[in-house]
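# Structure assessment
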Amino acid sequence: PFQNLLTQGMVLNETYYSEDASGKKTWLNPLDVELDLDEKGRPKGAKLKGDASNTAVIIGGVEKMAKSKNNGVDPQALIDQYGADTARLFVMFAAPPEQQLEWSGAGVDGASRFLRRVWMYSSSQASAIRDAQDSVPKNLSDADQELRREVHTILKQANFDYQRRQYNTVVSAAMKMLNVLEPIKLDQEAAISPSVLRECLGILLRILYPVVPHLTHVLWKDIGYTKTFGPLLDASWPVVDEAALVQTEITLMLQINGKLRGEIQVPVDAGKEQIEALALQSEPAAKALNGGTPKKVIIVPGRLVNIVA
């Protein structure tokens, strides 16, 4: 990916240079430059790393990577340090294919951290879901239903983004999915069934596979998906379960005298009277009213309930 972007002039990076007495510029590679930042993290100066002579370094701004500006990044050095998957993930997440990509060392570190999280979470749950059923049980708990709704909603968006080649938002969808899964730890008190977590983690690995094929291939095999679905390269793409997207409850913000005091869950088809009753039964409302009657209850459908005490 790096070579293609570089040949198309799509990658941007910082430029730095020094000048001799005649004004001739010598372009310096960003990796050889150390920035001096102010209290807000903005660069106020620069110097060459390990330069005892304190050569004056001038910040030249952001330009396309080019040999003439000496601001290129060696793809092999990045791969040697972080691995090919991190390089691929950063390139695809940093910008849509048709836009210029601004190089960011912090962005590469962030991509690496995300993949470590995928690895650590998947590995930590592997033994718990390795032998779980591949089919999802019919009688699911509320927690199982909510997890599947969130994951399949994200999958639907990721499928749409793949179709329009918006790989940066595909990676964003994978990040959202990991955020949903990561708090779940299967143990004796877990509210999520192993088979549901197995399904959802399998969806995450397949979404990520075209972007980071090496890590996902290993995890797919280690967790035991290969026995059922075959190698990840040949596995079928996950299908959105439209039934899982059906929402039975919605969340409404709860306000007391116009100030946010929490939220309440109400049936998606609840009428005004039921919503008002559920709001008044909430702990913030009981505390504010102290046994009294509200002056007014304002309901904004699908958004909030405001109790005027």
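Residues numbered from 1 in each chain as written. Predicted model: local features only at pLDDT ≥ 70, side-chain atom pairs only at ≥ 80, totals over all residues. Heavy atoms only, no water.

## Some points on the overall build of the protein
From N to C terminus, the protein includes 11 helices and 10 strands. Here the protein, with 309 residues, has 40% of them falling under the buried criterion. Summarising the internal contacts of the protein: among those between residues at least 6 apart in sequence, 61% fall at separations of at least 24. Accessible surface computed for the protein: about 17,600 Å², of which carbon and sulfur atoms make up 51%. (Helix = DSSP H or I, 4+ residues; strand = E, 2+ residues; numbered from the N terminus. Buried < 20%, exposed > 50% of the residue type's maximum accessible area, 1.4 Å probe, protein only. Contact = heavy atoms within 4.5 Å. Areas by Shrake-Rupley, 256 points an atom, 1.4 Å probe, with all protein chains shown as cover.)

## Considerations on helix H8 (residues 213-223)
Owing to its 3.6 residues per turn, the α-helix brings residues three or four apart onto one side. If you check which residues of H8 are buried, you get Pro 213, Leu 215, Thr 216, Leu 219, Trp 220 and Ile 223. All buried residues of H8 fall inside an arc of 165° around its axis, so they share one side. Phi turns positive one or two residues past the end of H8, at Gly 224, with a value near 105°. (Arc of directions from axis to C-beta.)

## Observations concerning a nonpolar patch on the surface
Together, Leu 35, Leu 37 and Ile 59 make up a nonpolar patch on the protein surface, roughly 230 Å² of accessible area in all. Within the element layout of this structure, Leu 37 appears in strand S3 (residues 33-37). (Patch = residues over 30% accessible without salt bridge, like charges linked within 9 Å, V, L, I, M, F, W, Y side chains within 5 Å. Salt bridge = Lys/Arg side-chain N within 4 Å of Asp/Glu carboxyl O.)

## Section: the packing of aromatic side chains
Applying the stated criterion across every chain yields a total of six aromatic pairs. For the pair Trp 220 and Phe 229, a centre-to-centre distance of 5.8 Å together with 50° between the ring planes defines the contact as tilted. Classification of Trp 220 as buried rests on a relative accessible area of 0%. In this structure Phe 229 comes out as partly exposed when scored by relative accessible area, which is 31%. (Phe/Tyr/Trp six-rings, centres within 6.5 Å; stacked < 30°, edge-to-face > 60°.)

## A word on the pairing of strand S10 (residues 304-308)
The buried fraction of S10 amounts to four of the five residues, a majority that puts the element mostly inside the structure. As judged from the four bridges shared by strand S7 (residues 249-256) and S10, these two strands associate in the parallel manner. Bridge assignment links Leu 254 to a residue of S10, and that residue is Val 305. With five bridges joining them, strand S9 (residues 296-300) and S10 adopt antiparallel strand pairing. (Pairing = 2+ DSSP bridges.)

## Topic: the packing of helix H6 (residues 167-181) against helix H7 (residues 194-208)
At a closest axis distance of 10 Å, the pairing of H6 and H7 adopts a crossing angle of 155°. As summarised for this structure, H6 and H7 are arranged roughly antiparallel, according to the angle between their axes. Read as a crossing pair, H6 and H7 show a hand that is left-handed. Seen from H6, the contacting residues are Val 170, Ala 174, Met 177, Leu 178 and Leu 181; seen from H7, they are Leu 197, Cys 200, Leu 201, Ile 203, Leu 204, Ile 207 and Leu 208. In terms of residue class, the contact of H6 with H7 is made up of 12 nonpolar, no polar and no charged. (Axes fitted to C-alpha atoms, helices over the stretch in contact; angles between N-to-C directions. Parallel < 35°, antiparallel > 145°, perpendicular 65-115°, else oblique. Left-handed = near helix turned anticlockwise from the far one by under 90°. Nonpolar A, V, L, I, M, F, W, Y, C, P; charged D, E, K, R; others polar.)

## Regarding the environment of Ala 191
Looking at where Ala 191 falls in the secondary structure, it is placed in the loop between H6 and H7. Taking relative accessible area as the criterion, Ala 191 reaches 53% and is therefore assigned exposed. Distance in space between the C-alpha atoms of Ala 191 and Ala 143 is 6.2 Å, their sequence separation being 48 residues. Every residue in contact with Ala 191, bar those within four places of it in the chain, is listed here: Ser 141, Ala 143 and Asp 144.

## Quick look at H6
Between the first and last C-alpha of H6 there are 21 Å, a value that for 15 residues agrees with the 21 Å anticipated at 1.5 Å per step. Of the positions making up H6, those classed as buried are Asn 168, Val 170, Val 171, Ala 173, Ala 174, Met 177, Leu 178, Val 180 and Leu 181. (Expected span 1.5 Å × (residues − 1).)

## Observations concerning the layout of surface pockets
By volume, the second largest pocket is sized at about 420 Å³. Lining the second largest pocket are 17 residues, with Asp 142, Gln 145, Glu 146, Val 246 and Thr 248 sitting closest to its centre. For the lining of the second largest pocket, the secondary-structure elements that each account for two or more residues are helix H5 (142-163) and S7. The leading source of residues in the lining of the second largest pocket is H5, at five residues. Split into classes, the residues belonging to the lining of the second largest pocket amount to five nonpolar, five polar and seven charged. (1 Å grid on protein atoms, 1.4 Å probe; cavity = no way out; pocket = protein on both sides within 12 Å on 5 of 7 lines; lining within 4 Å. Points joined across faces, edges and corners; volume = space filled by probe spheres on them.)

## With respect to the packing of H5 against H7
In contact at an axis separation of 10 Å, H5 and H7 are set at 15° when each is read in the N-to-C sense. The angle between the axes of H5 and H7 places the two elements in the roughly parallel class. Here H5 and H7 pass one another in a crossing that is left-handed. In this structure, H5 contributes Asp 144, Leu 147, Arg 148, Val 151, His 152, Leu 155, Ala 158 and Tyr 162 to the contact, and H7 contributes Val 196, Glu 199, Cys 200, Ile 203 and Ile 207. The class makeup of the residues in the contact of H5 with H7 is nine nonpolar, one polar and three charged.

## With respect to the sheet that holds S7
With respect to topology, four strands assemble into an open sheet ordered S8-S7-S10-S9, the strand pairing being mixed. Two strands in the sheet have a free side with no partner beyond their single neighbour: strand S8 (259-267) and S9. Neighbouring strand axes in the sheet, compared pairwise and without regard to direction, differ in orientation by 25° on average.

Limitation: the analysis is restricted to geometry and does not speak to function.
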